[in-house]
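# Structural characterization, general
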Amino acid sequence: MKKVYASLCFALAITGMVKAQDIQNNPGSNHGNKFEQLGTILPTPNEQRTASGAPGAKYWQQRADYNIKCELDEKNTKLTGRETITYYNNSPDPLDYIWLQLDENQHNNLDNANYQSSTTMPKVASTTVLEKAEIATEDNGYGDKIAGITDALGKPLPYTINKTMMRIDLPAPLKPGQQLVFNVKWSYKISDRLTYGGRGGYEYFPADGNYLFTMTQWYPRLCVYSDFQGWQNHQFAGRGEFALTFGNFKVQITVPADHVVGGTGECINYAAVLTPGQLARYNQAKTASAPVQIVTLDEAKKREANPSTATKTWVFQANNVRDFAWTSSRKFIWDGMNQAIEGKNVMCMSYYGKEAYGLYSKYSTKLVAHTIKSYSSFTFPYPYPVAQSVEASNGMEYPMICFNNGRTQPDGTYSESTKNGMIGVIIHEVGHNFFPMIVNSDERRWTWMDEGLNSFVEYLTEELWDNKFPSKKGAAYTQVDYMKLPKNELEPIMTNSENIVRFGPNAYTKPATALNILRETIMGRKLFDFAFKEYARRWEFKHPTPGDFFRTMEDASGENLDWFWRGWFYGIDPCDISLDSVKVAKADLDGNLPATFGQGRAPGGANTNKVAAPIVNNYEDISKIRNREDKTIQFYVDKDTTVRDFYWRYDRGLAAVDSSKFKDMTKAKNMADNRKPEPFTDVDKAKYASKFFYELNFSNKGGLVMPIIVQFTYADGSKQIDRIPAQVWRLNEKHVSKFYVQDKEVASIQLDPYRETCDIDESNNYWGKLPEPSKFQVFKQKVAAGGRGQTTGVNPMQVGSGK
Ligand SMILES: [Zn+2]
């Protein structure tokens, strides 16, 4: 994992193509290569990116500062803007041209990048759908209209638009260390987001005749130029979000005078745009420990009824951000409160219409505060001065501001699922501040690096909100249905965003589950949390690649996880470990009998001892149980009981289990590994007379190598769990055995009792009604010094002998 390989392999790896032999160089063998090092699959370490997964001594990244002025024409739903961009070439390369993203061209019928998608005849269709299916001849008027691009002196710069990408050709190469200052003037017709789709646009409310604008991916934005890819100028086809360069923003936004505007960064002229009463409440909110309404429901309703024709300009400043987004509406109720993060105050705020008042006034800002606090504990302290949630009936993230959903019924009531959906989406979108807004991965290439990592921390954060929250991401059992699908419907997590067939499970929930399994079952919380934090800390305000993540997790934990990345991120095999047979014996201490065994199922024979698996612990995963038993954790719903609503009750969320079942996690002592060189004494022999011996034979039916978690239930009703690491499959990836010496008679055996491994077939996980033991011979054996294949005196059931 830390070797230097030919740069050709780097090129292959970064395009997502992996040489077949890297994945499977010995498919017919029992000893395949599931435990081989990732080797050439990972890019070659260099001075920018080290073999340990950290930024190297010569790491560099570009910077783009923006000074933007824009005006929202509400009546004509049009935006006009002009920007001055200062682009810093920190790379060692001279640049002949630069690339900008024109994402609004997604909505243009001629200049979009969506025409490449396959389409079929719909059963029911809106006129918009039909319109999109017409062969485009005339421009529909959407998309960026560029009114001119000039250099710092006002001299026009030539440019070429290729769908959603624009290349500006420079009169002379921009040399390393130089800056380029240039101006872009543009405008676009804002689209109806609910009809045309997309990340931003407007929503019209016919009941009161007002608009809610979500202005996102709205100005021509610099593409990323990087050491690992050059220009990231992949077209925006709607799904793969974006890759952007960090920089500072000053943005002046002119809107109708009665609008409330929220944007990335801090508004620096509230005194000029708020009423004295609102300004006083804003200042009060800055130190409040519960949300203070800066604009009230009554004020918002009055504005809705009497729209203003005047305008006001709101001015925002945001430093070290990769993007700027904003929202504007006279419908907004606006509240805020303070959340201290390691001594620094963060203004948490929410904006929502009356349609969401019943939920958002109670929950949104508290969720923002809880999210940045929880994420900070798993990564790094939230570095920005504000964090905001906007109700816009969707779910989309930008630095310091995000758009979420959760509207009530007209009478203010709501269902439990609407409320839980809102909690999930606010935590998720606010959490995106960390991945990918600050840990700035390339979303247009690797969706899992932002959605997967973020869904994982979202799950941890939901857990800390309420130990009974019904999280849909994270717990291993939630991925079983996806992992069960036929292979032609699956692709590896390491798949480019636009090429993923099942986007949700592949990019969000499978990586979230994989990381949860790493944390709870493979590495343990202590090692995992340190390494994950190290990754976030190393790549805070930088551009990581998948290799940087994989390498850091190993580098900081001392765990060789190449097998795990191979199986979960580069492969599609599911986990299905079967307990095929169990042999039972007692020691024969009298000497002369040949070794015989209990009557476990012969290979291919009838499995008469198996019974259907009992459903235990069925829908509470191990993370929930451990959190509940960790007395240092205080859940938000217990700390702040004002967030308990009509739906709060003991049995909310998922079914609870008897946690005493989980108490005994100690490993059974594996006597088979106890290679005592000294001969048996009578005392030893006497000891074995009372023991029970078991040989468990497992097969790997799914293909994914995973730990084997064995729970013994003894005849006296007590239980014990043995956790066998995945490396047990090293020498034989298909069949392994494990031998146990037990003090007590075993009544039944169950694999993965806490559903930690995403085992897709639990029917082969259980063994009950064990047979009567037969006897086998015990004899003394002199062990040769340094000899291999040593056994204990108990022969011949060697551990891991395989079949
Ligand atoms: Zn997301």
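My aim in this report is to walk through the structure given alongside it, one point at a time. Please read all numbers here as calculations on a predicted model, not as lab measurements. Throughout, residues of each chain are indexed from 1 in the direction in which the sequence is written. Where local features are concerned, this predicted model is filtered to residues with pLDDT of at least 70; where side-chain atom pairs are given and counted, the filter is 80 or more; whole-chain, interface and lining totals use all residues. Side-chain calculation: all heavy atoms of the structure are included, whereas hydrogens and water are not.

### Some points on the overall build of the protein
Defined as follows: Numbering of helices and strands runs from the N terminus, with a helix taken as a DSSP run of H or I at least four residues long and a strand as a DSSP run of E at least two residues long. Relative accessible area decides the class of each residue, using a 1.4 Å probe on protein chains only: under 20% of the type maximum gives buried, over 50% gives exposed, and in between gives partly exposed. Contacts: residue pairs with any heavy atoms within 4.5 Å of one another. Note on areas: these come from Shrake-Rupley sampling with a 1.4 Å probe, and a residue is covered only by the protein chains present in the view.
From N to C terminus, the protein includes 19 helices and 31 strands. Among the 803 residues that make up the protein, the fraction classed as buried is 58%. For the protein, the share of sequence-separated contacts (at least 6 apart) that also reach a separation of at least 24 residues comes to 77%. Surface summary for the protein: the accessible area is close to 32,300 Å², and the carbon and sulfur share equals 52%.

### As for the coordination of the zinc ion
Quick note on the threshold: In this analysis a donor is any N, O or S atom within 2.8 Å of a metal ion (3.2 Å for sodium, potassium and calcium), and since water is not included, sites may seem incomplete. Angular criteria define each label, namely tetrahedral for four donors with all angles between 85 and 135 degrees, square planar for four and octahedral for six donors with opposite donors over 155 degrees apart and remaining angles between 65 and 115, and irregular for whatever fails these tests.
In the first shell of the zinc ion, the protein supplies His428 (NE2), His432 (NE2), Glu451 (OE) and Glu451 (OE), at 1.9 to 2.7 Å from the metal. Note that the zinc ion binds four donor atoms; their angles at the metal cover 54 to 153°, and the shape is irregular. Binding-site remark: the zinc ion is held by donors from one chain whose sequence spacing is H-x3-H-x18-E. One end of the pair, His428, is in helix α9 (residues 416-431); the other, Glu451, is in helix α11 (residues 447-465), and 23 residues separate them in sequence. Its relative accessible area of 4% is what places His428 among the buried residues. Residue Glu451 is classed as buried on the basis of its relative accessible area, which comes to 1%.

### What to know about the packing of helix α8 (residues 357-378) against α11
Threshold: Every axis corresponds to a line fitted to the C-alpha atoms, with the helix fit spanning only the stretch in contact, and the corresponding angles, defined between N-to-C directions, vary from 0 to 180 degrees. In this scheme the crossing of two helices becomes right-handed for a clockwise turn of the near helix relative to the far one and left-handed for an anticlockwise turn of less than a right angle. For this scheme, ten residues count as nonpolar: Ala, Val, Leu, Ile, Met, Phe, Trp, Tyr, Cys and Pro. Four count as charged, namely Asp, Glu, Lys and Arg, and the remainder, Gly too, count as polar.
α11 packs onto α8 with a crossing angle of 115° between their chain directions and a minimal axis gap of 9 Å. The crossing of α8 and α11 is right-handed. Contact residues: Tyr363, Lys366, Leu367, His370, Thr371, Ser374, Tyr375 and Phe378 in α8; Asn454, Val457, Glu458, Leu460, Thr461, Leu464 and Trp465 in α11. Residue composition of the contact of α8 with α11, by class: eight nonpolar, five polar and two charged.

### So, the pattern of salt bridges
Oppositely charged side chains may form a pair once their charged atoms are brought near each other. Short version of the rule: Each reported salt bridge corresponds to a side-chain nitrogen of Lys or Arg within 4 Å of a carboxyl oxygen of Asp or Glu.
By the definition in use, this model includes 44 salt bridges. When the shortest N-O distance is used, the salt bridge between Arg330 and Glu74 registers 2.9 Å. Of this pair, Arg330 sits in the loop between β18 (326-329) and β19 (333-341) while Glu74 sits in the loop between β1 (63-73) and β2 (78-88), and the two are 256 residues apart along the sequence. Residue Arg330 is classed as buried on the basis of its relative accessible area of 3%. On the basis of relative accessible area, Glu74 is assigned to the buried category, the value being 11%. A network of salt bridges, in which partner residues are shared, links Asp208, Glu304, Lys331, Lys354 and Glu355.

### Observations concerning unusual backbone geometry
Cis geometry is found at the peptide bond from Phe435 to Pro436, where omega equals 10°. For Pro436, the location among the structural elements is in helix α10 (residues 433-438). Despite not being glycine, Ser393 has its phi angle at roughly 60°, a positive value. Within the secondary structure layout, Ser393 lies in the loop between β21 (386-391) and β22 (396-398). Despite not being glycine, Asp752 has its phi angle at roughly 50°, a positive value. Looking at the secondary structure, you find Asp752 in the loop between β29 (746-751) and β30 (766-767).

### A few points about the packing of aromatic side chains
Cut-off, in case you're wondering: The pairing test for Phe, Tyr and Trp rings, Trp by its six-membered ring, is centres within 6.5 Å, and the orientation test on the planes gives stacked under 30 degrees, edge-to-face over 60, and tilted for anything in between. Only lysine NZ and arginine CZ atoms are considered, and such an atom sits over a ring when it is within 6 Å of the ring centre and within 35 degrees of the ring normal.
Across all of its chains, the model carries 62 aromatic pairs by this definition. Geometrically, the ring pair formed by Tyr270 and Trp334 is tilted, given 5.5 Å between the ring centres and 50° between the ring planes. In this pair, Tyr270 sits in helix α5 (residues 270-273) while Trp334 sits in strand β19, placing the two residues 64 residues apart along the sequence. Comparing Tyr270 with Trp334, the two get one shared label, buried. For the pair Phe532 and Phe549, a centre-to-centre distance of 6.5 Å together with 85° between the ring planes defines the contact as edge-to-face. With Phe532 in helix α14 (residues 525-539) and Phe549 in helix α15 (residues 546-555), the pair connects residues that are 17 residues apart, well separated along the chain. The lysine or arginine in question, Lys189, covers the ring of Tyr142, its NZ or CZ lying 4.3 Å from the ring centre.

### A look at the pairing of strand β20 (residues 344-352)
The condition is simple: Following DSSP output, two strands are said to pair if at least two bridges run between them.
Across the nine residues of β20, seven count as buried, placing the element largely inside the fold. Here β19 runs beside β20; their pairing, made up of nine bridges, is antiparallel. By the bridge assignment, Asn338 is partnered in β20 with Met347. Here β19 folds back onto β20, and the loop between the two strands holds two residues, one of which, Glu342, carries a positive phi near 45°.

### Observations concerning the sheet that holds strand β27 (residues 719-724)
Spatial strand order, β27-β26-β29-β30: four strands in an open sheet with antiparallel pairing. The sheet is open, and its two borders are formed by β27 and β30, each paired with just one other strand. With five bridges connecting them, strand β26 (residues 708-714) and β29 associate as antiparallel partners. Paired with Tyr714 across the bridge in β29 is Val746.

### Some words on the sheet that holds strand β16 (residues 292-295)
Strand order in the open sheet formed by six strands is β16-β19-β20-β21-β23-β22, with mixed pairing between adjacent strands. With partners counted over all chains shown, the strands left at the sheet margins are β16 and β22, one partner each. Along the sheet, successive strands turn relative to each other by an average axial angle of 20°, direction set aside. Examined bridge by bridge, β20 and β21 share five bridges and lie parallel to one another. Of the residues in β21, the one forming a bridge with Tyr351 is Val390. Packing of α9 onto the sheet brings it into contact with β21, β22 and β23 (401-404), and relative to β23 it is tilted by some 155°.

### A look at the state of the cysteines
Defined as follows: Defined by distance alone, a disulfide is two cysteine sulfur atoms within 2.5 Å.
For the coordinates displayed, the defined rule picks out zero disulfides. Cys758 forms no disulfide, and the closest cysteine sulfur to it belongs to Cys575, at a distance of 7.2 Å. By relative accessible area, Cys758 is classed as buried at 2%.

### Points about the nonpolar core
We apply this condition: Each nonpolar core is a collection of buried residues, namely Ala, Val, Leu, Ile, Met, Phe, Trp, Tyr and Cys, held together in the definition by side-chain atoms within 4.5 Å.
Judged by nonpolar contacts, the single largest core of 197 residues is most densely connected at Tyr87, Phe182, Trp218, Trp326, Phe564, Trp565 and Phe569. In contact with Phe182, other than residues within four places in its own chain, are Glu83, Thr84, Ile85, Tyr87, Ile98, Leu100, Ile149, Thr150, Asp151, Leu157, Ile168 and Leu222. Ala587, Tyr688, Phe693 and Phe739 belong to the second largest nonpolar core, which has six residues in total.

### Comments concerning the environment of Glu342
Mapped onto the secondary structure, Glu342 falls in the loop between β19 and β20. With 38 residues separating them along the chain, Glu342 and Phe380 place their C-alpha atoms 9.9 Å apart.

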